[in-house]
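A look at the structure
Spelled out from the first residue to the last, the chains are:
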Amino acid sequence: MTSRPFSRTTPPTSAGAQLRHLRQQAGLSQLDCALITGLSQRHLSCIETGRAKPSPGTLHNLLTALDVPLERCNDIFLASGYAPRYETTPLTSSSMEVVRDAIDHVLHANNPAPAIVLGAQWDILAANTSAGVLFDLVGLAREAAEGLNLLVTLLQPGGLGDHLSNAEEIRLVAWQRASREALNNPALAEILKCLPAPYSAAALVNELPPLLLTRVESPLGELTFMSTFTTFGMPLDITMSSLRIEHLIPADAKTWEVMTKAYEQAQHSQ
């Protein structure tokens, strides 16, 4: 999933000015935004200029239509005189049991293809059995699939990045994606400061394939994977909005065969 990067510049302080800034940043006219949200253009204009105060429901409607990160939404609710609306609930909380069950289901269903759950800072929060199998195939500790930071293991020497035959391409794409996310994530920005930047952008200047594959070197030969992401639709919690599941889908028959056999062996050994 791709998202529009938000500006590093300090936004206006009043709620109406912030909404106008976000609408303009989204490339929407007042009429476009009014049509999407069901508001009248006049009412929207009054909200942006401070002549009218939006209700919490109207504010939520506007912010959702503009695809504003929930942390930023809380700032705008405060600027409007309301309490922050969106919480950051720990994934281990009892109220998140249904979320954990859903994650477990998706992870298990992805076997024998690897899958990992990533948090806002690219920490690996959970992984399926096949992710551990893949780590084992390249000579890394199988249990290391959980508890690692994906950026760190891709970019720092000694990690998973060292076992990629197209490491420059993958590292560059990961660095660029994380850099965009870091515009609104100070903790992620701090992690990036401590990591080596990719050497060159030359890896992606030639003719590009329709999809960048992850190519893993293993004793059984090169394994190729397509990467897809699963996210929660319509999240109303900051933790849920940051969660994503990366699926590494085998891209050829050989990779499917290797992963299937290795997964079955792992199952028998448990």
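Residues numbered from 1 in each chain as written. Predicted model: local features only at pLDDT ≥ 70, side-chain atom pairs only at ≥ 80, totals over all residues. Heavy atoms only, no water.

1. Observations regarding the overall build of the protein
To keep things clear, this is the line we draw: Strands here are runs of E lasting at least two residues and helices are runs of H or I lasting at least four, both read from the DSSP assignment and numbered beginning at the N terminus. The buried label goes to any residue with under 20% of its type's maximum accessible area, the exposed label to any with over 50%, and the partly exposed label to all in between, with areas taken from a 1.4 Å probe on protein chains only. Note on contacts: a residue pair is in contact if any heavy atoms of the two residues lie within 4.5 Å. Under the counting rule used here, the positive set is Lys and Arg, the negative set is Asp and Glu, and His together with the chain ends is not counted. The location of each charge is read from NZ of Lys, CZ of Arg, CG of Asp or CD of Glu.
Scanning the protein from N- to C-terminus turns up 12 helices and 5 strands. Projected onto its principal axes, the C-alpha positions of the protein cover 70 × 45 × 30 Å. Here the protein holds 270 residues, and the buried ones make up 41% of them. Looking at the protein alone, contacts between residues at least 24 apart form 57% of all its contacts between residues at least 6 apart. For the protein, the separation between the mean place of its 19 positive charges and that of its 26 negative charges on side chains is 12 Å.

2. Concerning the sheet that holds strand β4 (residues 221-231)
Here is the rule: Each pair of strands is called paired provided DSSP finds at least two bridges between the two strands. Axis definition: a line fitted to C-alpha atoms, limited for helices to the stretch in contact. Angles are taken between N-to-C directions and run from 0 to 180 degrees.
Judged by pairing direction, the sheet is antiparallel, and its 5 strands sit side by side in the order β2-β1-β5-β4-β3 without closing on themselves. Either end of the sheet is taken by a strand with one partner, and the two such strands are β2 (124-127) and β3 (214-218). Ignoring which end each strand starts from, the neighbouring axes of this sheet average 30° apart. Here helix α7 (residues 129-137) sits on the sheet and contacts β1 (115-118), β2, β3, β4 and β5 (244-250); the angle it forms with β4, its principal contact strand, is near 150°. Along the sheet face, helix α12 (residues 253-269) touches β4 and β5 and points at about 85° away from the line of β4.

3. Focus on the packing of aromatic side chains
Using the following cut-off: Any pair of Phe, Tyr and Trp rings, taking the six-membered ring for Trp, is counted once the centres come within 6.5 Å. Such a pair is stacked with planes under 30 degrees apart, edge-to-face with planes over 60 apart, and tilted for the rest. Sitting over a ring, as applied to charges here, requires NZ of Lys or CZ of Arg to be within 6 Å of the ring centre and within 35 degrees of the ring normal.
Counted according to the given criterion, the structure contains 2 aromatic pairs. Both rings, one in F77 and one in Y86, keep their centres 6.0 Å apart while their planes meet at 80°; by these two values the pair is edge-to-face. Judged on exposure class, the residue F77 and its partner Y86 are both buried. Among the aromatic residues, those joined into a ring-pair cluster are F77, Y82 and Y86. In this structure, K53 is placed above the aromatic ring of Y82, and the distance from its NZ or CZ to the ring centre is 4.7 Å. Sitting above the plane of the W122 ring, R244 keeps its charged end 5.0 Å from the centroid.

4. A short note on the pairing of β4
Within a regular strand, the side chains alternate between the two sheet faces. Across 5 bridges, the pairing between β3 and β4 is antiparallel. Bridging across to β4, T214 finds its partner in F225. Where β3 folds back on β4, the antiparallel hairpin that results is connected by 2 residues.

5. Focus on the packing of helix α4 (residues 56-65) against helix α5 (residues 70-79)
Put simply, the rule reads: For any pair of crossing helices, the crossing counts as left-handed if the nearer helix is rotated counterclockwise from the farther one by less than a right angle, and right-handed if it is rotated clockwise. When residues are sorted by character, Ala, Val, Leu, Ile, Met, Phe, Trp, Tyr, Cys and Pro go into the nonpolar class, Asp, Glu, Lys and Arg into the charged class, and all the rest, Gly among them, into the polar class.
Contact geometry of α4 with α5 gives a least axis separation of 11 Å together with a crossing angle of 145°. For the crossing formed where α4 meets α5, the hand is right-handed. Across the interface between the two elements, P56, L59, H60 and L63 of α4 pack against C73, I76 and F77 of α5. Partitioning the contact of α4 with α5 into residue classes produces 6 nonpolar, 1 polar and no charged.

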